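# Descriptive structure summary
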Amino acid sequence: YEKWFRVEVTGVENLPREGGALLVANHAGTIPVDAVITSLAVRDNHPEGRYLRVLAADMAFDTPGVSEVARRIGATLACNSDADRLLRAGELTAVWPEGYKGIGKLYKDRYKLQRFGRGGFVTTALRNAAPIIPVSIVGSEEIYPKIGEIPALARLLGLPYMPVTPAFPLLGALGGIPLPTKWTMEFGEPIETSHLGPDAADDPMVVFEITDQVRETIQNTLFRNLARRGSVFFG
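This one's a predicted model, so the numbers in the text were calculated from it and none came from an experiment.

## Some words on helix 4 (residues 80-88)
Within the span of helix 4, buried status applies to Asp-82, Ala-83, Asp-84, Leu-86 and Leu-87. Next to the buried residues of helix 4 lie strand 2 (21-25), strand 3 (52-56), strand 4 (76-77), strand 5 (92-95) and helix 6 (120-127). Where helix 4 terminates, the next one or two residues include Gly-90, which has phi positive at roughly 80°.

## Observations concerning unusual backbone geometry
Leaving glycine out, the prevailing phi sign among residues is negative, and the prevailing peptide bond configuration is trans. Residue Pro-169 follows Phe-168 across a cis peptide bond; omega there is 5°. Phi is positive for Ala-129, which is not a glycine, with a value near 50°. Residue position: Ala-129 is located in the loop between helix 6 and strand 6 (132-138).

## A closer look at helix 6
Count 3.6 residues to each turn of an α-helix, and residues three or four apart come out pointing the same way. The element helix 6 is extensively covered by neighbouring structure, given that six of its eight residues are classed as buried. Of the positions making up helix 6, those classed as buried are Phe-121, Val-122, Thr-123, Thr-124, Ala-125 and Leu-126. In this fold, the buried residues of helix 6 make contact with strand 2, helix 4, strand 5, strand 6 and helix 8 (204-228). At the exit of helix 6 stands Ala-129, carrying a positive phi of roughly 50°.

## With respect to a nonpolar patch on the surface
There is a patch of nonpolar side chains on the surface, built from Trp-4, Leu-170, Leu-171, Leu-174 and Ile-177 and spanning about 560 Å² of accessible area. Tracing the chain through its elements places Leu-174 in the loop between strand 8 (163-164) and strand 9 (184-187).

## So, the sheet that holds strand 9
Pairing within the open sheet is mixed, and its seven strands lie in the order 1-9-6-2-5-3-4. Whereas interior strands pair on both sides, the edge strands pair on one side only; in this sheet they are strand 1 (8-10) and strand 4. Taken together, the four bridges between strand 6 and strand 9 define a ladder with antiparallel strand orientation. Paired with Val-135 across the strands is Phe-187, a residue of strand 9. On top of the sheet, helix 8 reaches strand 2, strand 6 and strand 9; it is set at about 30° to strand 6, its chief contact.

## Some points on a negative patch on the surface
A grouping of Asp-199, Asp-202, Asp-203, Glu-209, Asp-212 and Glu-216 is seen on the molecular surface, where their side chains present a negatively charged patch. Position of Asp-212 relative to the elements: it lies in helix 8.

## Points about the pattern of salt bridges
Under the counting rule described, the total for this entry stands at ten salt bridges. Residue Lys-182 is joined to Glu-8 by a salt bridge in which the shortest nitrogen-to-oxygen separation is 3.6 Å. With a gap of 174 residues between them, Lys-182 in the loop between strand 8 and strand 9 and Glu-8 in strand 1 connect regions that are remote in the sequence. On the basis of relative accessibility, which here comes to 15%, the residue Lys-182 falls in the buried class. Residue class for Glu-8 comes out partly exposed when judged on its relative accessible area of 42%. Across the pair Arg-17 and Glu-48 runs a salt bridge, and its minimum N-O distance is 2.6 Å. Within this pair, whereas Arg-17 is found in the loop between strand 1 and strand 2, its partner Glu-48 is found in the loop between helix 1 (33-45) and strand 3, the two being separated by 31 residues in sequence. Overall, Glu-48 belongs to the partly exposed group, its relative accessible area being 47%.

## With respect to the side chain of Thr-181
Inspection of the secondary structure puts Thr-181 in the loop between strand 8 and strand 9. According to the relative accessible area criterion, Thr-181 is buried, its value standing at 0%. Here Trp-183 takes part through its side chain, which lies 3.0 Å from a polar atom of the side chain of Thr-181. Residues in contact with Thr-181, not counting those within four places in the same chain, are Trp-4, Phe-5, Arg-6, Gly-139, Glu-142, Ile-143, Val-232 and Phe-233.

The rules behind these values
- Residues numbered from 1 in each chain as written.
- Predicted model: local features only at pLDDT ≥ 70, side-chain atom pairs only at ≥ 80, totals over all residues.
- Heavy atoms only, no water.
- Buried < 20%, exposed > 50% of the residue type's maximum accessible area, 1.4 Å probe, protein only.
- Helix = DSSP H or I, 4+ residues; strand = E, 2+ residues; numbered from the N terminus.
- Contact = heavy atoms within 4.5 Å.
- Patch = residues over 30% accessible without salt bridge, like charges linked within 9 Å, V, L, I, M, F, W, Y side chains within 5 Å.
- Areas by Shrake-Rupley, 256 points an atom, 1.4 Å probe, with all protein chains shown as cover.
- Salt bridge = Lys/Arg side-chain N within 4 Å of Asp/Glu carboxyl O.
- Pairing = 2+ DSSP bridges.
- Axes fitted to C-alpha atoms, helices over the stretch in contact; angles between N-to-C directions.
- Lys, Arg positive; Asp, Glu negative; His and termini not counted.
- Charge placed at Lys NZ, Arg CZ, Asp CG, Glu CD.
- Polar contact = N/O pair within 3.5 Å; in protein donor to acceptor, adjacent residues only side chain to side chain.

Structure below.
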């Protein structure tokens, strides 16, 4: 976090000092390192030192090695019941709605947001009157530049994909070392939901509009921060 990716964080003032909020971020990197880095960014920069509770896919808890890390950072299953429980308890909660399509996209598609599904995260926020905080991460796309994949091996191992990068599998275990890219992370202004009431969660148009607003905010912020970046490795 500090020495390898040299994470630079802005917008910490947009994180609530207390009470629940749903952080929504772009997903990338072939391996979901961004979830751990975002957790550290919140913990290290929040004035109250708050913890971030990560909503992770079920595969994160079924994969040896990854499951131990997921549990140690306080991750829980990305389902409605767990998300509701965390927000009701006043926790800072994070979701990456692009899922595997986000982390598994090719290098040529970097920083182009994939679909956000059906807006389940918006429904959860509306039910709990929780603000939605867009999170835009630059630097994560280049740590493992994915140029292809091996579908047969992925099916054999039960993985969503088996990536091919310039270093993996050519260099074996050495190919698992992420490139030392310079990361920037921006916490955007909260999108409030409390004024809409819990019944809005059942209105498809409201859910669609907020989902589109969150996605557009993250995408525009990514483009703006990319335009400011001079170098992948030095920022």
